[in-house]
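Chain by chain, the residues run as shown.
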Amino acid sequence: MTTATAPGKIILLGEHAVVYGRAAIAVPVWQVTATATVVSTSPGSGCHVILPNLREEFALRSAGDDQPIAHVARLALAQMGAPADPDWRITLESDIPMAGGLGSGAALSTALVRALFAHGGRALAPAQVSALVYESERHYHGTPSGIDNTVIAWGMPIWFVRGAAPEPFAPGAPLSLLIADSGIAAPTRETVSDVRRGWEAEPARYEAIFNEIGALTRAARGAIEAGDAAALGPLFDANQAALEALGVSSAPLERMIAAARAAGALGAKLSGGGRGGNVIALVHPEHAAPVAHALTAAGAVRVIETVVR
Ligand code: MEV
């Protein structure tokens, strides 16, 4: 039996601008994980995939390529040089909320790719895992920047610029973050295409905002590497203002952000595509409980506390 896991993720700064070549910073969220287990079964039984959370089960040989897991499994098996339908039973489990901006799909795919390679006795570097998972993300989500698959494959804070080698880096001191889910579904694809329309209509204004976000992200890397949460908080707030100017914020997110700041957060912003999805708040550990309470009172359906190390 072979088991592999992958964490959730969250973007700290730089979403949207990252699609236009500016840097973004993302961190793994190890409080939630996806796990893949592979077991060899009797000869001739073929490859079966079981998704207990979704109460779904399918035979790889009869699954269409529009089944995301089947698609990734085929890509991985082909790259490994393994048979297309090995006698393996694959179980995929996850406690990462689905479609909640925490990279649930990329994490499941990452755990799957790792477990398949390990079961086949093959080693795989994070960059190779990331490239395989990106292929499947691209298949389903159009043209993602690649930040999700990258941070999940590395399992470390990542400095990410599209088209460049990702730079994993370590915080100078642990950072306490609250991740609050608005419960509002807002497909990233839609906010990304709205920003694209805005950029096409007013390129100079949008480029200026992207440049500002790029500068904030660069300053944030310095603050994180120095372990300086007090310097990082205002950078979150300024990034939120820039995201509002891009038109990807919303009243429910801004209510949660205001509540977090009023309850003592050092800074707060939306994270990911925006409109719905998550808000993140940077806190002193002793303020985590009151800020989490304020976020819930302001409408959050779930608050996850994580420490970035
Ligand atoms: C979504 O998690 C982050 C965006 O920057 C899109 C992307 O990077 O592909 C909005």
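Along each chain, numbering runs from 1 in the same order as the chain's sequence is written. Per-residue local features are limited, in this predicted model, to residues with pLDDT of at least 70; the limit for side-chain atom pairs, both in listing and counting, is 80 or more; totals at the level of whole chains, interfaces and linings are taken over all residues. Only hydrogens and water are removed before side-chain values are computed, so all heavy atoms of the structure are retained for them.

### Some remarks on the environment of Thr-41
Stage number 1. Strands are runs of DSSP state E lasting at least two residues, helices are runs of H or I lasting at least four, and both sets are numbered from the N terminus onward. Along the chain, the position of Thr-41 falls in the loop between strand S2 (24-40) and strand S3 (48-51).
Stage number 2. For every residue, the accessible area (1.4 Å probe, protein chains only) is compared with the maximum for its type, and the residue is labelled buried under 20%, exposed over 50%, or partly exposed between those bounds. Residue Thr-41 is classed as partly exposed on the basis of its relative accessible area, which comes to 26%.
Stage number 3. Note on definitions: a residue-residue contact is assigned when non-hydrogen atoms from the two residues lie within 4.5 Å. With sequence-adjacent residues up to four places away left out, Thr-41 is seen in contact with Gly-46, Asp-87, Trp-88 and Arg-89.
Stage number 4. A polar contact is formed between the side chain of Thr-41 and the side chain of Ser-45, at a distance of 2.8 Å. We define a polar contact as two N or O atoms separated by no more than 3.5 Å, with the added condition that, inside protein, one atom must be a possible hydrogen donor and the other a possible acceptor, whereas residues neighbouring each other in sequence contribute only through side-chain atom pairs.

### With respect to the environment of Thr-37
Stage number 1. Structurally, the position occupied by Thr-37 is in strand S2.
Stage number 2. Overall, Thr-37 belongs to the buried group, its relative accessible area being 15%.
Stage number 3. Once residues lying within four places of it in the same chain are set aside, the contact partners of Thr-37 are Met-1, Thr-2, Thr-3, Arg-89, Ile-90 and Thr-91.

### Quick look at the site of the ligand
Stage number 1. When at least one non-hydrogen atom of a residue lies within 4 Å of a molecule or strand, that residue is treated as near it. Inspection of the region around the ligand gives 14 residues, with Ile-11, His-16, Val-18, Pro-144 and Ser-145 positioned closest.
Stage number 2. At 2.9 Å from an oxygen atom of the ligand is found a main-chain nitrogen or oxygen belonging to His-16.
Stage number 3. Ser-145 places a polar side-chain atom, nitrogen or oxygen, 2.5 Å from an oxygen atom of the ligand.
Stage number 4. Note on areas: Shrake-Rupley with a 1.4 Å probe; residue coverage comes only from the protein chains shown. Calculation on the ligand without its partners gives an accessible area of 300 Å², and the protein chains cover 92% of this total.
Stage number 5. Elements supplying a minimum of two residues to the shell around the ligand: strand S1 (2-13), helix H4 (147-154) and helix H5 (188-201).

### Focus on the domain arrangement of the protein
Stage number 1. Each domain's extent is set by a domain assignment, obtained either automatically or from a database. As assigned here, the protein comprises domain 1 (2-167) and domain 2 (171-308).
Stage number 2. In this structure, domain 1 and domain 2 have C-alpha centres spaced 25 Å apart.
Stage number 3. Contact residues are listed per partner, giving 28 residues for domain 1 and 40 residues for domain 2.
Stage number 4. Two parts placed together each lose some accessible area under a 1.4 Å probe, and the buried area is that loss summed for both. Between domain 1 and domain 2 lies a buried interface of about 2700 Å² when both sides are counted; carbon and sulfur atoms form 65% of it.
Stage number 5. A per-residue breakdown of the area domain 1 buries against domain 2 is headed by Leu-13, His-16 and Tyr-20, which together make up 27% of the total.
Stage number 6. Each salt bridge in this description consists of a side-chain nitrogen of Lys or Arg and a carboxyl oxygen of Asp or Glu lying within 4 Å of one another. Joining domain 1 to domain 2, the criterion identifies three salt bridges.
Stage number 7. Across the pair Glu-167 and Arg-221 runs a salt bridge, and its minimum N-O distance is 2.9 Å.
Stage number 8. Connecting domain 1 to domain 2 are 11 residue pairs in polar contact (both at pLDDT 80 or more).
Stage number 9. Contributions of two or more residues to the side of domain 1 that touches domain 2 are made by S1, S2 and helix H3 (126-141).
Stage number 10. By residue number, the principal contributor to the side of domain 1 that touches domain 2 is S2, which donates six residues.

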